[in-house]
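Chain by chain, the residues run as shown.
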Protein chains: 2
Amino acid sequence: MLTPGDADADAPHLWRLVERRPVYEGRFVQLYQDVLSGPAAPEFYEHVRVADSVRVLALDDQDRIVLVEDQFYLPGQRMLTLPGGGVAPEEEPLVAAHRELAEETGCRAADWMPLGVIHPLPTATPARTHLFLARDLTAGETDREASEGWMTVRRAPASEAVALVRSGAITEAGTVAAVLLLAQLLAEEHGGA
Amino acid sequence: MLTPGDADADAPHLWRLVERRPVYEGRFVQLYQDVLSGPAAPEFYEHVRVADSVRVLALDDQDRIVLVEDQFYLPGQRMLTLPGGGVAPEEEPLVAAHRELAEETGCRAADWMPLGVIHPLPTATPARTHLFLARDLTAGETDREASEGWMTVRRAPASEAVALVRSGAITEAGTVAAVLLLAQLLAEEHGGA
């Protein structure tokens with residue numbers, strides 16, 4: 001049987017860092033070459049640092065999920081995601097979650113629960129996405145950044161959000177994970193598992 | 001009601017690319033600064049190119065999921081994931097999926113179905129992770145890369161894999177998404193929805 005502990009049972013740190021070469025230090029992205037020693041180590045390991053991020057699954061009093069829709073430059077399309085954004089240096093992810101939910105949707109939540117943490121792209125970056133469930137919402141004013149001026153808010157029942165994931169209308173990893181984790185929680189509640 | 005089509009209904013391409021400045025062209029990572037024009041455009045947009053990847057959810061004849069466990073350098077831990085890896089330039093994701101499943105687990109599958117495509121980190125890279133369901137497995141020899149010499153294979157029923165996601169023992173985004181999407185498929189089959 002698999003248990004979380006097993007994953008670390010025989011975890012050698014195969015590679016040791018000999019030298020970290022900074023290649024690019026930008027505002028949002030840093031790139032490094034790590035020179036490594038150890039068995040089958042590559043000549044160097046290229047990797048990227050970006051801020052950790054948060055995604056907030058906010059459920060309103062009708063059990064609808066609050067989604068935002070915005071233009072994403074890199075995929076070149078509008079995307080439907082949970083509200084969220086970057087975690088500032090030294091900031092607690094929960095603090096970032098409060099801020100991003102309020103700025104993007106105007107909602108404040110009184111009831112917060114962690115839903116999990118994922119590694120979006122662990123071969124390229126150690127960045128994590130922190131997922132939260134937020135309930136007991138109060139509506140308020142949004143405070144979006146200029147680049148978020150075309151963001152819109154929509155609400156969808158959980159079953160519909162799951163259908164949007166399954167149809168490919170929702171593809172952002174943190175949103176996909178949080179919506180499907182909520183579905184597991186709800187199935188457990190309703191199924192009495 | 002939300003439908004996939006709605007997401008594109010008012011999709012302006014807010015920003016236009018004026019100039020793409022290559023900053024770093026490595027073996028696995030490329031980094032660019034895109035100079036943009038348009039409303040509220042940043043001075044430039046830093047972004048990263050890495051290969052698309054695949055994750056394969058292979059189900060054996062006892063409905064167990066084939067998982068691999070390997071050391072991940074950047075998070076500094078052994079991680080439990082679905083077999084998978086990078087898609088080569090011009091390669092079809094399904095071809096990469098066949099190859100990665102065979103190399104890492106020795107399994108060949110006769111029955112393949114797409115499970116979806118996710119954007120792991122769409123603010124930093126347009127890379128996608130392609131998810132597949134593979135069934136009707138035949139065991140064979142692995143053909144791992146030297147750096148995968150410490151990889152081990154484990155099998156877990158779907159319910160256990162879901163529990164591993166929920167407990168935080170599985171955190172890689174493509175694995176999380178595929179395992180939870182399979183749970184949705186199984187719930188539908190069993191619930192007759």
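Residues numbered from 1 in each chain as written. Chains lettered and ligands numbered in written order. Predicted model: local features only at pLDDT ≥ 70, side-chain atom pairs only at ≥ 80, totals over all residues. Heavy atoms only, no water.

K.L.:
Quick question: what am I supposed to make of the overall build of chain A here?
P.N.:
For chain A, the helix and strand inventory stands at four helices and ten strands. Mapped in sequence order, the helices and strands of chain A form the string α-β-β-β-β-β-β-β-α-β-β-β-α-α. Dimensions of chain A, computed from the C-alpha atoms along their principal axes, are close to 55 × 50 × 30 Å. The burial tally for chain A puts 54% of its 193 residues in the buried class. On chain A, roughly 8600 Å² of surface is accessible, and the fraction owed to carbon and sulfur atoms is 50%. Side-chain charges in chain A split into 16 positive and 30 negative, and the spacing between the mean points of these groups amounts to 3 Å. (Helix = DSSP H or I, 4+ residues; strand = E, 2+ residues; numbered from the N terminus. Buried < 20%, exposed > 50% of the residue type's maximum accessible area, 1.4 Å probe, protein only. Areas by Shrake-Rupley, 256 points an atom, 1.4 Å probe, with all protein chains shown as cover. Lys, Arg positive; Asp, Glu negative; His and termini not counted. Charge placed at Lys NZ, Arg CZ, Asp CG, Glu CD.)

K.L.:
Explain the nonpolar core here, please?
P.N.:
Soluble, globular proteins show a tendency: their nonpolar side chains are buried together. Within the largest apolar cluster, 56 residues are counted, with the highest numbers of intra-cluster contacts made by A:Leu57, A:Ile65, B:Leu57 and B:Ile65. When near neighbours in sequence (up to four residues on either side) are disregarded, A:Ile65 contacts A:Leu57, A:Ala58, A:Leu59, A:Leu82, A:Arg154, A:Arg155, A:Ala156, A:Ala158, A:Ala161, A:Val179 and A:Leu182. One finds A:Val29, A:Leu121, B:Leu121 and B:Ala124 within the second-largest nonpolar core, a separate group that totals 20 residues. (Core = buried A, V, L, I, M, F, W, Y, C linked by side-chain atoms within 4.5 Å. Contact = heavy atoms within 4.5 Å.)

K.L.:
Which parts of the structure should I look at to understand the interface of chain B and chain A?
P.N.:
A common way to express how large an interface is: the accessible area buried when the components associate. Facing the 79 residues of chain B at the interface are 79 residues of chain A. Between chain B and chain A the total buried area reaches about 6900 Å² when both faces are included, carbon and sulfur atoms providing 66% of it. Our count for the chain B to chain A interface comes out at two salt bridges. One salt bridge connects B:Glu188 with A:Arg166, and the closest N-O pair in it is separated by 2.9 Å. (Buried area = accessible area lost by both parts, 1.4 Å probe. Salt bridge = Lys/Arg side-chain N within 4 Å of Asp/Glu carboxyl O.)

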